[in-house]
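A closer look at the structure
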Amino acid sequence: MLFSSPEFVFAFMPAVILGFFLIAAKGQHQLALLWLVATSLFFYGWWNPAYLILLGGSISVNYAVGRALMTKRSKRLLVFGLAVNLGLIGFYKYADFFIGFINQVSGSQVGALGLALPLAISFFTFQQIAYLVDVYRGKVDDRSFLRYVLFVTFFPQLIAGPIVHHSETMPQFARKGIFRIDWENFSVGGAIFIIGLYKKIVFADGMGIYANVVFNAADAGGSPDLIVAWGGVLAYSLQIYFDFSGYSDMAIGLARLFGIRLPVNFNSPYKAVNISDFWQRWHMTLSRFLRDYLYFPLGGSRKGNPRRYANIMITMLLGGLWHGAGWNFIFWGGLHGVFITINHGWRWLRRAWGQDTASSTMSGRAAARALTFIAVTITWVFFRAATWTGALAMLDGMTGLNGVILPQGLAALGLKTGSVAPFDTGGLVWLFVLLLVAWFTPNTQQWMGRYDPVLGPVEGVFGAAKQGGVTAALAANQVIWMTPFFIISAFVGMLILIARSNAPVFIYMIF
């Protein structure tokens, strides 16, 4: 059951919302939270009910370890909890990968286990690792089992993040205001959800059609020319961009329907001026996790530049491995590690030369953004290609080694043209338009910034978020304005779903 599926939008989501507020209206707040837990578990079990056993076991062990850590901050107990979590994800996600590696190196013939990857195991495991560390550090002292299960399973963020901290979401569930219907929350949350739905079904899936044809052909032994290769990798760059952006919007919107604000997880990463800035904008809660629970414990930048660069490489290699059990993901993470190291080294050199690294010109920032985008785009080749041969074929095409063929629509200019399937002139124009959208338009949280859509400050297009509440008259005016906005958004969403009811899964759900 995808966020973008008709059964979710027209059945599950209305039932969950209706049940929650009907129960809460009777003053049964704990029962309302239990309803959220039960429906979230139903949502997770929809994919495969057997996964509920694994999820339930993981929750039970981590809750027990967390309770014990609240009583006694034992480092051994923390290590045990971390080992259980890492062992779980290692067994299900990486066992066959390492078996294959051992077979390749040693010549042995150990059979693969053929384990199916449990849905969202990377996300709920990392979230619980952060929880145990936070408990050990004295940042969490909530002993409620119901609230802990809700923290892990809350369905808007269960499948593909964001990876939240207990201290970010659970205090919000303690507020009495979330148990009352709030039309602003409905309107803002519904609008954000519909924006994300549009990004997913129209932008991401539309670009995915082009990207799949090009990459599948390259993996099958094809030799894409310059335009097709660049068109394919740019199409995938836009597909994964709007797919993840769309999912993030939908998760934020869903949570806001219940009056809950999630941390921002996607902040216009293609506007980044360097590769470090990119990772401060792309999958921000994963970047935060890797920084706080891997990079800093390794020593961060406290032990000199050589150690710092080594820590960066270790962090990014493991970050690549988190995305998938394959050498392509490890290589992708390693490339980002190299680029980040180069970026830090360049900034160090500029400071050594007495240059101000904080100042920049408009042209300089534009050039920096272009260079960063090109570097990120090249790394997507290894992230997307199913084979090493396919990745190299794409790189050959992107460097012009496979020749250049111009679209037939340019024949009127007297140039040599031919088939650049799957791209025609219209497809290339659409690709260019979406690049402009990614580069120059405000993101969703900026459009909705006045309504404080996420945790943390947002620079809104139409002004800053409201501070200190609003008067009754202003609140009434906002309800009058926002209610038709919600109705129109819901109608647009219905039309989108009717037109495209078979949307593929979100890319980050497979991790």
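In this report, we go over the structure that sits alongside the text. (Residues numbered from 1 in each chain as written. Predicted model: local features only at pLDDT ≥ 70, side-chain atom pairs only at ≥ 80, totals over all residues. Heavy atoms only, no water.)

Observations regarding the environment of Met394
Along the chain, the position of Met394 falls in helix α16 (residues 388-398). Using a relative accessible area of 0% as the deciding quantity, one classes Met394 as buried. It is 9.4 Å that separates the C-alpha atoms of Met394 and Phe382, two residues lying twelve residues apart in sequence. (Helix = DSSP H or I, 4+ residues; strand = E, 2+ residues; numbered from the N terminus. Buried < 20%, exposed > 50% of the residue type's maximum accessible area, 1.4 Å probe, protein only.)

Looking at the nonpolar core
With 139 residues, the main nonpolar core has Phe8, Phe258, Trp282 and Trp380 as its most contacted residues. Looking at this core, the element that brings in the most residues is helix α10 (residues 226-257), giving 17 residues. In this structure Phe258 touches Val16, Ile17, Phe20, Leu36, Phe154, Phe155 and Ile178, once residues within four positions along its chain are discounted. Ranked by size, the runner-up nonpolar core spans eight residues in total, among them Ile192, Ile252, Met448 and Val458. (Core = buried A, V, L, I, M, F, W, Y, C linked by side-chain atoms within 4.5 Å. Contact = heavy atoms within 4.5 Å.)

Side note on the pattern of salt bridges
Evaluation of the coordinates by the stated rule reveals ten salt bridges. With a closest N to O distance of 2.6 Å, Glu168 and Arg288 form a salt bridge. You can see Glu168 sitting in helix α8 (residues 166-173) and its partner Arg288 sitting in helix α12 (residues 284-298), a full 120 residues away along the chain. Given a relative accessible area of 18%, Arg288 falls into the buried group. Two residues, Arg256 and Glu184, come together in a salt bridge whose shortest N-O distance is 3.6 Å. Taken together, the positions of Arg256 in helix α10 and Glu184 in helix α9 (residues 183-219) put the pair 72 residues apart, joining distant regions of the chain. A network of salt bridges, in which partner residues are shared, links Lys200, Asp205 and Asp243. (Salt bridge = Lys/Arg side-chain N within 4 Å of Asp/Glu carboxyl O.)

Remarks on a nonpolar patch on the surface
Where nonpolar side chains cluster on the molecular surface, the patch consists of Phe98, Phe101, Ile102, Val105 and Trp327 and spans about 510 Å² of accessible area. For the nonpolar patch, the element with the most residues is helix α4 (residues 75-106), which contributes four residues. Along the chain, Trp327 falls in helix α14 (residues 327-352). A relative accessible area of 47% places Trp327 in the partly exposed class. (Patch = residues over 30% accessible without salt bridge, like charges linked within 9 Å, V, L, I, M, F, W, Y side chains within 5 Å. Areas by Shrake-Rupley, 256 points an atom, 1.4 Å probe, with all protein chains shown as cover.)

Re helix α13 (residues 305-323)
Across its 19 residues, α13 extends 27 Å between first and last C-alpha, which sits within 8% of the 27 Å expected from 1.5 Å per residue. Within α13, the full set of buried residues consists of Arg308, Tyr309, Asn311, Ile312, Thr315, Met316, Gly319, Gly320, Leu321, Trp322 and His323. On its buried side, α13 packs onto α4, α5 (121-136), α11 (275-279), α12, α14 and α15 (362-384). (Expected span 1.5 Å × (residues − 1).)

A short note on the environment of Ala385
Examined against the element boundaries, Ala385 turns out to sit in the loop between α15 and α16. The exposure class of Ala385 is buried, given its relative accessible area of 3%. Taking C-alpha positions, Ala385 is 6.9 Å from Asp219, a pair spaced 166 residues apart along the chain.

Quick look at the packing of α5 against helix α6 (residues 145-153)
Here α5 crosses α6 at 135°, and the two axes come no closer than 9 Å. With respect to each other, α5 and α6 are oriented oblique. Residue-level contacts link Phe124, Gln127, Gln128 and Tyr131 of α5 to Tyr148, Phe151 and Val152 of α6. Classifying every residue of the contact of α5 with α6 by side-chain character gives five nonpolar, two polar and no charged. (Axes fitted to C-alpha atoms, helices over the stretch in contact; angles between N-to-C directions. Parallel < 35°, antiparallel > 145°, perpendicular 65-115°, else oblique. Nonpolar A, V, L, I, M, F, W, Y, C, P; charged D, E, K, R; others polar.)

A short note on the side chain of Asn443
Mapped onto the secondary structure, Asn443 falls in the loop between α17 (425-440) and α18 (444-447). What Asn443 contacts, discounting residues up to four positions off in sequence, is Asn267 and Ser268.

Notes on unusual backbone geometry
Note that the residue after Gly161, namely Pro162, is joined by a cis bond; omega there is 5°. With respect to the element layout, Pro162 can be found in the loop between α7 (155-158) and α8. Notably, His283 is not glycine yet its phi reads approximately 45°, a positive angle.

Remarks on the packing of aromatic side chains
What the rule picks out here adds up to 67 aromatic pairs. An angle of 85° between the planes, with centres 5.3 Å apart, marks the rings of Phe12 and Phe155 as edge-to-face. Linking Phe12 in helix α1 (residues 6-25) with Phe155 in helix α7, this pair joins segments that are 143 residues apart in sequence. Phe155 shares its class with Phe12; the two are buried. Where Tyr198 meets Phe203, the ring centres are 5.3 Å apart and the plane angle is 85°; that geometry is what we call edge-to-face. The partly exposed category is assigned to Tyr198, whose relative accessible area is 36%. The exposure class assigned to Phe203 is buried, which follows from its relative accessible area of 13%. Across the ring face of Phe506, the terminal group of Lys200 is positioned such that the distance to the ring centre comes to 4.9 Å. (Phe/Tyr/Trp six-rings, centres within 6.5 Å; stacked < 30°, edge-to-face > 60°. Lys NZ or Arg CZ within 6 Å of the ring centre and 35° of its normal.)

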